[in-house]
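# Structural overview for review
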Amino acid sequence: MPPKAPPKMKQGDLSRRRATRIKDGDELTDMGDTDGDDWMNTKTLVKPEDQLDLNEVQLKEEFTRILTANNPHAPQNIVRYSFKEKQYKQTSHVDQLAIHFALDGNMLHKESDEAKRQRAKLGIPESGEVAASEGGEATSAAGAPAEGEEGKDDTTTTAGEETEPAKEGEQRDDATTPAPGAPSKGGEKLTNQFNFSERASQTYNNPYRERGTATEPPPRATFSSNVTQWEIADAYHEDFEKQKTEILSSQNYLALKYGSKRFSAFWEKSKEKKTIPGRKEEEKTRKKLTITETQGDDISRISKATKIVERMVNQNTYDDIAQDFKYWEDPSDEYRDNEGTMLPLWRFSYEKAKKLAVTSLCWSPKYKDLFAVSYGSYDFMKQGSGMILFFSMKNPSFSEYVYETDSGVMCLDVHPEHPYMVAVGFYDGSVGVYNVQKKEPVHRCTAKNGKHTDPVWQVRWQKDDLENNHNFYSVSSDGRIVHWTIIKNELLFEDVITLTLPDAPAEGPDGTKINTIGCGTAFDFHKKNDYLFLVGTEEGKIHQCSKAYSSQFLDSVDAHNMAVYKVRWNPFHPRIYITCSADWTVKIWEVSSKTTADKMEGAQVEAQTKKPLFTFDLNNSVGDVAWAPYSSTAFAAVTADGKMFVYDLNINKYEPLCEQMVAQKKKTKLTHIEFNPKDPIVIVGDDRGNVTSLKISPNLRKLPKEKKGAPPMDPKQKEENEIAKLDKILSMVREPNEDKK
């Protein structure tokens, strides 16, 4: 029976036991003093000759160095084009990867047929054989320590017997951990010859799970075709033939129902009726109307959808302008001292109206993006047709509604409560009312019912009368201010006042005296007292009139030296109005407390001596002026040299906050200006048929700061604050006697 192998003992336990024996002073340890530690590999420190001698403080000093994986040769200034922002921008991320060596290879599964063929070709043994050979070596190597550990637990053995296991253990360690310089036997793994700790950890990777569902693909059909004029014509002919067959089938049905003889007699009679002279033309016109109606019905089915698609396309096309309109605020205003700019947005034009001038602008009271434009000519020698167009900021490429007129349209006004009704004044002296849904005017006056003899320069809707009839007013160069009332289907007129001149009547050739009549060019009704209105004339006068007095003016002022082009009441202050004229000036006036009816005597002297509160010289003919809807002290004006001026009396009483060229071409005259009632937008028209929209910068629309935590002001309180703000400025320029009054 072979001797039982002693239990295995680890190297750490062996050294521990040996150390205890040395401590106890065992005599047996003296025998191993010479050769006991020969099997251990001693560490020899090799010191270079040029190594520095450092003290302990220098040795303990720590130097922190950070190793980065950045490529020093990677470029840091790569610029790429950004399609979103439409400019070149520097890329923030730079690829730091540097490839030093790359080799493309193929991997095969070791159990695949191709791998077995390659192993057989190269003479590489199978994986099972390699494992068996390694297993045999492992068992042979394990036999040595089994024998060497015999008798380690016997503490009563002799010295000779005790040294044998130690020597055998030395042989075992030498077999498992050979010296650094010794060659490895049988492909064994060499230990690390340097004093480094090798540690590794492996994390558990969750297995991938794939889930998928298979569905039947939806049915598809590929269709493609070319549409030409001939195919469209063929489609119309085919439809016409189908209608013919339907008529024939109905005829056959009637013939079967009533008998062939009765139906043939009826058919002959109907033919005789059709051959009556004059009926053919009626039938043709009726057919044309039915064809146009059917075509219109076909188009009307998709008109709403096409309009939405067109607006979407335009919004994508003009996306940068739409973003500026909605969100952009000029940041440079923070660095300007009380100065601002106007940002051009969309430009509205119509091909047929390019040779006409913009004669009037009016925003829709209901839709804040919709405005109406009238087109005509101010030149007496170039009169022709006119146009009325409705534009929307949602679709700047094409107008929403187009109306062509036989005479030039000089003014228009949209009804404040019924935005589908538009009052229009023509160059030939007539006035009309349009319904947006109809191409022709619903009402239009003629020479029989009060038509003006000169061009109509302005029309203005008023509140419905006591019988709820719509009514509006018009002013013309013939000196008449006419009140028009729509009663059922009629347009009735009534002369409110005639603009007579205060000069002595002129004598005719036969000695008859003729009263000279002034030429009205503009008027405006009071915002609160709608019976009160102002009239501007070609002679430069401003008349204060009332609907109740038809024979005299309440007050009259020699305002300008040339024709007055616009007069407007202040939207907040009830006694302040502004005028502009061809004499290059814009003036702000205050209504006097006394009227001509009270004093009668010296009225002409006071009219000549009355002075404006403010006068601004713009160095060119001023075509239009408008108060800002957000402030009682801000207004804007346009001139014939293509410039636009914006003033705010609360910031600067002498100089404009903005003076900007709006016209793109030279010799382009700006004719009209209008503020949007809600958005910070201004539209400007010129004499080439273009309407330009501009956004007001923050410096031009400064509002008084509200206290933090305070509730928002109601409209009445805001109006009172605006009146007080304007009064404070006017108190500096009013004359002392006026303040006492």
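Here, the structure is the one placed above.
The notes below deal with the structure included here. The structure displayed is predicted, hence computed values, not measured ones. Position numbers for residues count from 1 along each chain, tracking the sequence in the order it is written. Given that the model is predicted, a residue must reach a pLDDT of at least 70 before its local features are reported, and side-chain atom pairs must reach 80 or more before they are shown or counted; all residues, however, enter totals for whole chains, interfaces and linings. Excluded from the side-chain calculations are hydrogens and water; all other atoms, namely the structure's heavy atoms, are used.

## Focus: the overall build of the protein chain
- Check the secondary structure of the protein chain and you find 13 helices and 32 strands.
- For every residue, the accessible area obtained with a 1.4 Å probe (protein chains only) is divided by the maximum for its type, and the residue is called buried under 20%, exposed over 50%, and partly exposed between those limits. Classification of the 741 residues of the protein chain by burial places 35% in the buried group.
- Two residues qualify as a contact provided that any one of their heavy atoms is within 4.5 Å of a heavy atom in the partner residue. Sequence separation of 24 or more characterises 50% of the internal contacts of the protein chain that already satisfy a separation of 6 or more.
- Throughout, the Shrake-Rupley method with a 1.4 Å probe supplies accessible areas, and for residues the shown protein chains are the sole cover considered. As displayed, the protein chain has an accessible area near 51500 Å², and 53% of this comes from carbon and sulfur atoms. Strands here are runs of E lasting at least two residues and helices are runs of H or I lasting at least four, both read from the DSSP assignment and numbered beginning at the N terminus.

## Some points on the sheet that holds strand E3 (residues 342-348)
- Spatial strand order, E3-E32-E31-E30: four strands in an open sheet with antiparallel pairing. The open sheet is flanked by E3 and strand E30 (670-675), the only strands paired with a single partner. Along the sheet, successive strands turn relative to each other by an average axial angle of 25 degrees, direction set aside.
- Note: E30 against strand E31 (residues 681-686), five bridges, orientation antiparallel. Following the sheet pairing, Glu-674 is matched in E31 by Ile-683.
- In this analysis, axes come from line fits to C-alpha atoms, helices being fitted only over the stretch in contact, and the angle between any two N-to-C directions falls in the range 0 to 180 degrees. Together, E3, E31 and strand E32 (691-696) form the strand contacts of helix H9 (residues 319-327), whose direction differs from that of E3 by roughly 135 degrees. Paired strands are those between which DSSP finds at least two bridges.

## Observations concerning the packing of aromatic side chains
- Only rings of Phe, Tyr and Trp enter the pairing, Trp through its six-membered ring, and a pair is recorded when the two centres are within 6.5 Å. The plane angle decides the type: under 30 degrees is stacked, over 60 is edge-to-face, the rest tilted. Under the criterion given, the structure shown has 26 aromatic pairs.
- Note on Phe-616 and Tyr-647: the rings are 4.6 Å apart at their centroids and 45 degrees apart in plane angle, and the pair reads as tilted. Linking Phe-616 in strand E25 (residues 614-617) with Tyr-647 in strand E28 (residues 643-648), this pair joins segments that are 31 residues apart in sequence.
- Residue classification places Tyr-647 among the buried positions, given a relative accessible area of 4%.
- An aromatic cluster is defined as three or more aromatic residues linked by ring pairs; in this entry it consists of Phe-614, Phe-616, Trp-627, Phe-635 and Tyr-647.

## Thoughts on the pairing of strand E10 (residues 431-435)
- In terms of burial, E10 is largely enclosed, as five of its five residues are buried.
- Side-chain alternation along E10 places Val-431, Val-433 and Asn-435 on one buried face and Gly-432 and Tyr-434 on a second face that is also buried.
- Sheet analysis places E10 next to strand E11 (residues 443-444), joined by two bridges and oriented antiparallel. Within E11, the position partnered with Val-433 by the bridge is His-443.

## A closer look at the pattern of salt bridges
- Here a salt bridge means any side-chain nitrogen of Lys or Arg lying within 4 Å of a carboxyl oxygen belonging to Asp or Glu. Applying the stated criterion across every chain yields a total of 20 salt bridges.
- The salt bridge partner of Glu-114 is Arg-117, with a shortest N-O separation of 2.7 Å. With Glu-114 and Arg-117 both in helix H3 (residues 113-122) and three residues apart, this pair spans about one turn of that helix.
- A salt bridge links Asp-413 to Arg-460; the shortest N-O distance between them is 3.9 Å. Residue Asp-413 is located in strand E8 (residues 409-414), and its partner Arg-460 is located in strand E12 (residues 456-462); the two are separated by 47 residues in the primary sequence.
- Overlapping salt bridges bring together Asp-413, Arg-460, Asp-524 and Lys-527 as one network.

## Concerning the nonpolar core
- We call a set of buried residues a nonpolar core when its members are Ala, Val, Leu, Ile, Met, Phe, Trp, Tyr or Cys and they connect through side-chain atoms within 4.5 Å of each other. One finds Phe-371, Val-373, Tyr-375, Met-387 and Val-691 to be the most contacted residues of the largest nonpolar core, which totals 22 residues.
- Those elements that provide at least two residues to this core are H9, E3, strand E4 (357-363), strand E5 (370-376), strand E6 (386-392) and E31.
- Val-646, Val-662, Val-682 and Leu-700 belong to the second-largest nonpolar core, a separate cluster that totals 21 residues.

## Here's the deal with the sheet that holds strand E22 (residues 564-569)
- Strand order in this open sheet of four strands is E22-E23-E24-E25, and the pairing throughout is antiparallel. Every other strand in the sheet has two partners, leaving E22 and E25 as the edge strands with one partner each. Between one strand axis and the next, the sheet turns by 15 degrees as a mean value, whatever way the strands run.
- Bridge count between strand E24 (residues 585-590) and E25: four bridges; the pairing is antiparallel. Each bridged residue has a counterpart across the sheet, and for Lys-587 the counterpart in E25 is Thr-615.

## Some words on the side chain of Thr-585
- Inspection of the secondary structure assignment puts Thr-585 in strand E24.
- What qualifies as a polar contact is a pair of N or O atoms within 3.5 Å, subject to a donor-acceptor requirement within protein and to the restriction that residues adjacent in sequence count only when both atoms come from side chains. Polar contacts involving the side chain of Thr-585 include one to the side chain of Asp-583, which spans 2.7 Å.

## Structural notes on the pairing of E32
- With six of its six residues buried, E32 lies for the most part within the structure.
- Across the two faces of E32 the burial is the same, with Val-691, Ser-693 and Lys-695 and Thr-692, Leu-694 and Ile-696 all buried.
- Pairing analysis gives five bridges linking E3 to E32, with the strands arranged antiparallel. In the sheet register, Arg-347 faces E32, and the bridge partner there is Thr-692.

## Quick word on the side chain of Asp-679
- Mapping Asp-679 onto the fold places it in the loop between E30 and E31.
- When near neighbours in sequence (up to four residues on either side) are disregarded, Asp-679 contacts Phe-325 and Lys-368.

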